[in-house]
Amino acid sequence: MSDGRVLLVTGGSRGIGAAVSLVAADEGWRVAVNYASNRQAAEDVVRRISDAGGAAIAVEGDVGTEGGVQAIFAAVDAAFGRLDGLVNNAGIVGPPQRIDEISPERLERMFRVNVTGSIRCAAEAVLRMSTRHGGRGGAIVNLSSVAAVLGAPGQYVDYAAAKGAIDSFTVGLAREVASESIRVNAVRPGIIDTEIHASGGLPDRARDMAPSIPMQRPGTAGEVADAILYLLSDKATYVTGAILTVSGGR
Ligand code: NAP
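Conventions we followed
- Residues numbered from 1 in each chain as written.
- Predicted model: local features only at pLDDT ≥ 70, side-chain atom pairs only at ≥ 80, totals over all residues.
- Heavy atoms only, no water.
- Helix = DSSP H or I, 4+ residues; strand = E, 2+ residues; numbered from the N terminus.
- Rg over C-alpha atoms; globule rule 2.2 N^0.38 Å.
- Buried < 20%, exposed > 50% of the residue type's maximum accessible area, 1.4 Å probe, protein only.
- Salt bridge = Lys/Arg side-chain N within 4 Å of Asp/Glu carboxyl O.
- Polar contact = N/O pair within 3.5 Å; in protein donor to acceptor, adjacent residues only side chain to side chain.
- Contact = heavy atoms within 4.5 Å.
- Axes fitted to C-alpha atoms, helices over the stretch in contact; angles between N-to-C directions.
- Parallel < 35°, antiparallel > 145°, perpendicular 65-115°, else oblique.
- Left-handed = near helix turned anticlockwise from the far one by under 90°.
- Nonpolar A, V, L, I, M, F, W, Y, C, P; charged D, E, K, R; others polar.
- Near = heavy atom within 4 Å.
- Areas by Shrake-Rupley, 256 points an atom, 1.4 Å probe, with all protein chains shown as cover.

Novice: Help me understand the overall build of the protein, please; the structure alone is not making it clear to me.
Specialist: A count of helical and extended segments in the protein gives nine helices and seven strands. Here the protein has a C-alpha radius of gyration of 17 Å; the compact-globule value for 250 residues is 18 Å, and the two agree. Each of the three principal axes of the protein carries a C-alpha extent, and together these read 50 × 40 × 35 Å. Per-residue burial over the protein gives 50% buried out of 250 residues.

Right under this line is the structure:
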């Protein structure tokens, strides 16, 4: 595919989002690589895409704030003037805590970034992509988690509940915009080897969990990216409202 389609990847600077950005560019998408604070990481992804002959920009913005969402979409509009795909990838965990330890502030931020951010970005994408609003159609992929099904007891039930909301949102939005040429799907990763575990205070979590994973190993960001790119692609034109588990059997 090389017709200049434009993809916005929230949290595209590291981990799964960075892998999505790189694979998408390789497949001909022009990519907006969003980040919250680590500009260097985003610029590294953009440079790797440019060096390989692709087109990409780094876009600063916290999806957990309305100002951040507005800034992200304004930057995409200014740089590319169109939008064809959104990967709602930006997400956070917290340190392992029981429900009686989770502060109201942590809970509010967990939902603001993981849920409100994804819903607000999807809304802005629908405004640009829906045929109802004069757009060409497009595809949205949301990042759920196996935690949505397992519940993450004793670790982060707040994160798991937020990802459960993403599952419901995926199903509902898919049906809401199905007749407007927008497909909406989710991927549900298991344990993937990225820096998110260190951000939650468990840097060795992916390796430590390996024996409990049926395939006996964590997944790679690239393995999740390949599933996301399938859902974005013209190989998935009749797939909407699906939640694709990418978990090595977990
Ligand atoms: P990661 O390595 O921690 O990377 C997170 C990315 O999101 C970074 O680019 C970060 O940018 C960005 N980000 C964080 N907060 C943001 C915000 N408020 N606004 C905009 N960008 C923000 O995470 P990951 O492991 O790749 O996870 C990506 C997604 O997959 C998340 O939704 C996560 O919940 C989901 N997932 C991951 C796993 C796993 O095992 N890794 C399993 C299931 C689901 P900065 O560097 O600028 O902060």
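Novice: I'm lost on the pattern of salt bridges in this one. Help?
Specialist: Under the criterion given, the structure shown has 16 salt bridges. The partner of D77 in a salt bridge is R128, and the shortest N-O contact between them spans 2.9 Å. With D77 in helix 3 (residues 66–80) and R128 in helix 4 (residues 104–129), this residue pair connects regions lying 51 residues apart in the sequence. You can call R128 partly exposed: its relative accessible area is 25%. Across the pair E108 and R112 runs a salt bridge, and its minimum N-O distance is 2.7 Å. Highlighted residues: E108 and R112, both in helix 4, separated by four residues, approximately one helical turn. Overall, R112 belongs to the partly exposed group, its relative accessible area being 25%. A cluster of three or more residues bridged by salt bridges with shared partners is formed by E66, D77, R120, E124 and R128.

Novice: In this structure, what is going on with the side chain of D167? I would like to understand it.
Specialist: Summarising the element assignment, D167 is placed in helix 6 (residues 157–177). Owing to a relative accessible area of 10%, D167 belongs among the buried residues under this scheme. Here the side chain of D167 touches R188 through a polar contact of 2.6 Å, side chain to side chain. Excluding residues within four positions of it along the chain, D167 makes contact with S144, A148, R188 and I243.

Novice: Mind showing me how you'd approach the packing of helix 1 (residues 15–26) against helix 9 (residues 221–232) here?
Specialist: Packed helix pairs are characterised by how far apart their axes lie and by the angle those axes make with each other. Between helix 1 and helix 9, the least distance of the axes is 8 Å, while the angle of their chain directions is 55°. As judged from the angle between their axes, helix 1 and helix 9 are oblique. When you trace helix 1 past helix 9, the crossing you get is right-handed. Along the contact surface, helix 1 presents G15, I16, A19, V20, V23 and A24, while helix 9 presents A221, G222, V224, A225, D226, I228 and L229. Of the residues contributing to the contact of helix 1 with helix 9, the split by class is 10 nonpolar, two polar and one charged.

Novice: Whenever I open this one, the site of the ligand confuses me. Can you help?
Specialist: Within the structure, the ligand sits among 31 residues, and S13, R14, S37, Y159 and T194 are positioned closest to it. Measuring from an oxygen atom of the ligand, one finds a side-chain N or O atom of R14 at 2.7 Å. In this structure, an oxygen atom belonging to the ligand sits 2.6 Å away from a side-chain N or O atom of Y159. For the ligand, the protein covers 95% of the area, taking 900 Å² as the surface of the free molecule. The set of elements that each furnish at least two residues to the shell around the ligand consists of helix 1, strand 2 (30–35), helix 6 and helix 7 (196–199). For the shell around the ligand, the per-class residue count stands at 13 nonpolar, 14 polar and four charged.

Novice: Looking at this structure, how should I read the environment of N142?
Specialist: Inspection of the secondary structure puts N142 in strand 5 (residues 138–143). Classification of N142 as buried rests on a relative accessible area of 0%. A C-alpha to C-alpha distance of 7.7 Å links N142 and V184, two positions 42 residues apart in sequence. The contact partners of N142, leaving out residues within four places of it in the chain, are N88, I166, F169, T170, V184, N185, A186 and V187. Within polar-contact distance, the side chain of N142 engages the side chain of N88 at 3.0 Å. Within the structure, the side chain of N142 is placed 3.0 Å from the side chain of T170, a separation counted as a polar contact.

These figures capture arrangement, not role.
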